[in-house]
Amino acid sequence: MRIAILGTGYQGLVTGTCFAENGHRVVCMDRDADRIALLKQGVPPIHEPGLEELIIRNMEEERLSFTNDLANAVRDSLMIFLCIGTPADEQGRTDLSGLFGAVRQIAGAMDGYRIIVNKCTCPPGTADQIEEILHEHAGHPADVVVNPDFMKEGSAVDDFLRPDRVIIGCREIRVNEIMKEMYGPFLRTGKPLMAMSPRSAEMAKYATNVMLAARISLMNQMADLCEEYDADIAEVREAVGSDARIGPTFLFPGIGFGGSGLPRDLAVCERLAGENHIPHELLTAIRTVNENRRVRFLRQILDHYGDTIREKRLTLWGASFKARTDDVRGAPALYIIDGLCRAGAAVTVYDPVAAGKLGERYGDSIAIASKYYPALEGADGLVIMTEWNEFRRPDYTRMGELMREKVIFDGRNLYTPAIMQSHGFRYYSIGRKTV
Ligand SMILES: NC(=O)c1ccc[n+]([C@@H]2O[C@H](COP(=O)([O-])OP(=O)(O)OC[C@H]3O[C@@H](n4cnc5c(N)ncnc54)[C@H](O)[C@@H]3O)[C@@H](O)[C@H]2O)c1
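Cut-offs applied
For every chain, the first residue of its written sequence is number 1, and the numbers climb from 1 along that sequence. Totals for whole chains, interfaces and linings use all residues, but because this is a predicted model, local features are given only for residues with pLDDT of at least 70 and pairs of side-chain atoms are given and counted only at 80 or more. Just so you know, side-chain values use all the structure's heavy atoms and leave hydrogens and water out. Strands here are runs of E lasting at least two residues and helices are runs of H or I lasting at least four, both read from the DSSP assignment and numbered beginning at the N terminus. Each residue gets one of three labels from its accessible area relative to the maximum for its type: buried under 20%, exposed over 50%, partly exposed in between, using a 1.4 Å probe on protein chains only. The term polar contact refers here to a pair of N or O atoms within 3.5 Å; inside protein, the definition further demands a hydrogen-donor-capable atom paired with an acceptor-capable atom, and it admits residues adjacent in sequence only when both atoms are side-chain atoms. Contact criterion: two residues are considered in contact whenever any of their non-hydrogen atoms come within 4.5 Å of each other. To form a nonpolar core, buried Ala, Val, Leu, Ile, Met, Phe, Trp, Tyr and Cys residues must be joined to one another through side-chain atoms within 4.5 Å. Whether two strands pair depends on DSSP finding at least two bridges between them. Note on definitions: angles span 0 to 180 degrees between N-to-C directions of axes, and those axes are lines fitted to C-alpha atoms, for helices only across the stretch in contact. Note that the domain bounds reflect an automated or database-derived domain assignment. The buried area of a pairing is the accessible area, by a 1.4 Å probe, that goes missing from both parts when the two are put together, added over both. A side-chain nitrogen of Lys or Arg and a carboxyl oxygen of Asp or Glu constitute a salt bridge if their distance falls within 4 Å. Any pair of Phe, Tyr and Trp rings, taking the six-membered ring for Trp, is counted once the centres come within 6.5 Å. Such a pair is stacked with planes under 30 degrees apart, edge-to-face with planes over 60 apart, and tilted for the rest. Working rule: Lys NZ or Arg CZ, within 6 Å of ring centre, within 35 degrees of ring normal, means a charge sits over the ring. Residue proximity to a molecule or strand is established when one non-hydrogen atom of the residue lies within 4 Å of it. Each accessible area is a Shrake-Rupley estimate made with a 1.4 Å probe; only the visible protein chains count as cover when residues are assessed. Residue polarity is assigned by list, with Asp, Glu, Lys and Arg as charged and Ala, Val, Leu, Ile, Met, Phe, Trp, Tyr, Cys and Pro as nonpolar; anything else, Gly included, falls into the polar class. Throughout, disulfides are identified as pairs of cysteine sulfur atoms within 2.5 Å of each other. Left-handed describes a crossing in which the near helix is turned anticlockwise from the far one by less than a right angle; the clockwise case is right-handed. Patch definition: residues with relative accessible area over 30% and no salt bridge; like charges joined within 9 Å; nonpolar side chains (Val, Leu, Ile, Met, Phe, Trp, Tyr) joined within 5 Å.

Peer 1: How would you summarise the environment of Val103 if you had to cite specific residues and measurements?
Peer 2: Considering the arrangement of structural elements, one finds Val103 in helix H5 (residues 97-109). In this structure Val103 comes out as buried when scored by relative accessible area, which is 0%.

Written as structure tokens, this is what we have:
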């Protein structure tokens with residue numbers, strides 16, 4: 001099958017590369033010329049484990065190519081996957097202008113029948129709008145499929161190759177059969193392909209993300225209770241997660257969720273409910289609890305130093321919104337960095353892969369370290385923001401020797417309070433007593 005992928009961000013690049021890996025001829029198109037120039041040299045503009053080698057292999061096998069030319073990509077392909085950013089503002093208003101602009105361009109370039117697959121996260125009813133645009137502007141018939149994406153940054157390649165399920169929202173049985181054929185190789189372990197209405201498929205993505213967000217916010221509220229009653233949230237989490245009705249994933253307490261998906265999808269659902277006069281207190285609570293996490297965490301740091309904060313240098317370990325990605329969109333670390341800088345502290349950040357993105361945002365207003373122990377030299381405190389594996393079992397003695405003041409604010413609960421205490425650290429964590 002000849003496939004065009006529009007948008008070469010986290011989603012589009014993984015989708016296109018994984019389809020190419022399965023033998024399809026894939027052309028990935030983006031309007032960002034720098035991005036395409038990098039990709040043509042086999043250099044991914046994002047960090048995603050396992051992606052680079054797949055890109056290079058499939059380029060060498062001539063199954064994967066990159067272009068800025070949308071019209072040519074559309075003319076060469078039967079299926080066109082939309083993988084374009086669909087951000088929303090804080091009020092949950094989704095910006096679909098990029099997506100609809102691309103659909104208009106597709107319509108203008110079509111020289112025959114096409115299948116348009118929307119993988120972007122969009123409010124219910126968007127597929128109908130895409131159909132209307134095509135109906136109005138295209139001189140040829142097209143079918144529209146909603147195919148929401150559930151990959152997780154940091155394990156996106158693996159998630160795409162081995163999904164929990166694939167959802168297809170389309171009214172045309174014939175198109176569903178083509179989609180089944182496309183995704184068949186990824187579902188060999190018996191995971192389901194679910195055909196449903198386009199609107200259910202659109203809503204399924206939001207419902208999933210809201211459910212995940214709810215689990216995290218609930219655990220964070222329980223963490224606050226634990227702190228007050230001298231219980232340990234790590235022990236409580238194990239007990240809760242071992243209940244077969246609940247399961248262990250997405251129960252880790254911490255500084256709260258970030259990224260470009262969960263916060264946005266919550267805000268969009270709140271807006272959709274509000275516009276339709278549907279009470280949505282629970283959605284608002286999930287968001288508010290999450291937003292308060294970072295506020296409270298920053299307050300804890302500022303309270304520790306009081307007026308002396310202006311003379312202090314704080315080191316952050318981790319900036320990406322989660323481990324194994326360089327994505328800092330919506331990352332709690334940004335809020336903490338901004339707050340510390342505003343308070344007058346000097347800030348040094350070490351992140352294994354997000355240094356480039358931090359540099360673009362902060363210039364030289366913060367120091368960016370290239371190694372994690374040197375980042376601690378002379379620090380008055382360490383703030384842990386991302387659960388990178390390399391931070392999990394460091395040399396505590398070496399850390400203590402490098403730091404001026406032995407204080408750790410752990411937003412990810414990586415360490416055991418008693419061990420930190422035995423090494424002479426003041427150790428703040430989440431849902432456990434400060435030692
Ligand atoms: N990132 C994820 O983990 C993830 C997971 C599931 C779903 N999604 C959804 O996938 C979609 C894309 O997300 P992303 O994280 O890959 O975004 P991204 O911002 O990383 O990438 C979007 C890309 O689209 C390009 N683009 C924008 N308008 C274009 C146009 N008119 N023509 C061609 N290219 C255009 C941009 O230049 C950019 O490279 C969103 O709807 C998102 O919600 C993302």
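Peer 1: Kindly report on the environment of Leu193, identifying the contributing residues and their values.
Peer 2: Checked against the element boundaries, Leu193 lands in strand S8 (residues 193-196). Separated by ten residues in the primary sequence, Leu193 and Tyr183 place their C-alpha atoms 8.2 Å from one another.

Peer 1: I'd like a description of helix H2 (residues 33-40), backed by residues and values.
Peer 2: N-capping of H2 is provided by Asp32, with a side-chain oxygen placed 3.0 Å from the backbone N of Asp34. Just downstream of H2, Gly42 is the residue with a positive phi angle, here 80°.

Peer 1: Which residues make up the side chain of Thr67, and what are the values?
Peer 2: By the element assignment, Thr67 lies in strand S3 (residues 64-67). Looking at Thr67, the relative accessible area reads 15%, which means it is buried. Side-chain polar atoms of Thr67 contact the backbone nitrogen of Asp69, separated by 2.9 Å. Setting aside residues up to four positions removed in sequence, Thr67 forms contacts with Val27, Cys28, Met29, Asp30, Ile36 and Ala73.

Peer 1: A description of the nonpolar core should follow, citing residues and the corresponding values.
Peer 2: Within the largest apolar cluster, 38 residues are counted, with the highest numbers of intra-cluster contacts made by Phe19, Phe81 and Tyr183. If one sorts the elements of this core by residue count, helix H1 (residues 10-21) sits on top with six residues. If we ignore the near neighbours within four places in the chain, the residues touching Phe19 are Ile3, His24, Val26, Phe81, Phe160, Met182, Tyr183 and Phe186. Membership of the second largest hydrophobic core comes to 37 residues, among which are Ile301, Val328, Ile336 and Val349.

Peer 1: Report on the sheet that holds strand S10 (residues 346-350), specifying residues and quantitative values.
Peer 2: Through backbone hydrogen bonds, the strands of a sheet pair up, either in parallel or in antiparallel fashion. Here we have six strands laid out as an open sheet, ordered S11-S10-S9-S12-S13-S14, and parallel in their pairing. Looking at which strands have only one partner, the edges of the open sheet turn out to be strand S11 (367-369) and strand S14 (426-428). Averaged over all neighbouring strand pairs, the angle between strand axes comes to 20°, with direction disregarded. The strands that helix H12 (residues 281-305) touches are strand S9 (313-317), strand S12 (381-384), strand S13 (407-410) and S14; relative to S13, the one it contacts most, it runs at about 165°.

Peer 1: Describe the domain arrangement of the protein chain, and please don't skip the residues or the numbers.
Peer 2: Annotation of the protein chain at the domain level lists domain 1 (2-196) and domain 2 (293-428). When each unit is reduced to the centre of its C-alpha atoms, the spacing between domain 1 and domain 2 is 37 Å. Between domain 1 and domain 2 lies a buried interface of about 710 Å² when both sides are counted; carbon and sulfur atoms form 41% of it. Its largest share of buried area at the contact with domain 2, domain 1 owes to Tyr10, His47 and Glu153, together 69% of the area lost on that side. Where domain 1 packs against domain 2, one counts one salt bridge. Taken together, the links from domain 1 to domain 2 amount to six residue pairs in polar contact (both at pLDDT 80 or more).

Peer 1: Quick rundown of the packing of aromatic side chains? Include the residues and the values.
Peer 2: For the coordinates displayed, the defined rule picks out 18 aromatic pairs. For the pair Phe160 and Tyr183, a centre-to-centre distance of 6.1 Å together with 40° between the ring planes defines the contact as tilted. Remark: Tyr183 occurs in helix H8 (residues 173-183) and Phe160 occurs in helix H7 (residues 156-161); sequence separation between them is 23 residues. Members of the aromatic cluster, joined through ring pairs, are Phe19, Phe81, Phe160, Tyr183 and Phe186. The ring of Phe150 carries Arg165 above its face, with NZ or CZ at 3.7 Å from the centroid. Across the ring face of Phe425, the terminal group of Lys406 is positioned such that the distance to the ring centre comes to 5.1 Å.

Peer 1: Give me the site of the ligand: which residues, what numbers.
Peer 2: Taken together, 24 residues lie near the ligand, and Gln11, Asp30, Thr86, Glu153 and Arg264 sit nearest. Between the ligand and Arg31, the relevant distance is 3.3 Å, taken from a nitrogen atom to a side-chain nitrogen or oxygen of the residue. Contact between the ligand and Arg264: an oxygen atom at 2.8 Å from a side-chain N or O atom of the residue. In isolation the ligand exposes 830 Å². Once the protein is present, 88% of that is buried. Of the residues in the shell around the ligand, the class split is seven nonpolar, eight polar and nine charged.

Peer 1: Outline the state of the cysteines, listing residues and values.
Peer 2: Scanning the model with the defined rule gives zero disulfides in all. Here Cys269 stays unpaired: no disulfide links it, and the sulfur of Cys122, its closest cysteine neighbor, is 13 Å away. We classify Cys269 as buried; its relative accessible area is 13%.

Peer 1: How would you explain the packing of H5 against helix H6 (residues 126-137) if you had to name every residue and give the values?
Peer 2: Across the interface, H5 lies against H6 with an axial gap of 9 Å and an inter-helix angle of 35°. Crossing of H5 over H6 shows right-handed handedness. In contact with Leu99, Phe100, Val103, Arg104 and Ala107 of H5, H6 contributes Thr126, Gln129, Ile130, Ile133, Leu134 and His137. Looking at the contact of H5 with H6 residue by residue, the classes come out as seven nonpolar, three polar and one charged.

Peer 1: Tell me what's going on with a nonpolar patch on the surface, and back it up with residues and numbers.
Peer 2: On the surface, a cluster of nonpolar side chains totalling about 340 Å² of accessible area is made up of Met222, Leu225 and Tyr229. Among the structural elements, Met222 can be located in helix H9 (residues 198-229).

Peer 1: Quick rundown of the packing of H12 against helix H13 (residues 332-343)? Include the residues and the values.
Peer 2: Running from amino to carboxyl end, H12 crosses H13 at an angle of 35°, the nearest separation of the two axes being 10 Å. The interaxial crossing formed by H12 with H13 has right-handed handedness. Contacts between H12 and H13 pair Arg294, Val295, Phe297, Leu298, Ile301 and Leu302 from the former with Pro332, Tyr335, Ile336, Gly339, Leu340 and Ala343 from the latter. Of the residues contributing to the contact of H12 with H13, the split by class is ten nonpolar, one polar and one charged.

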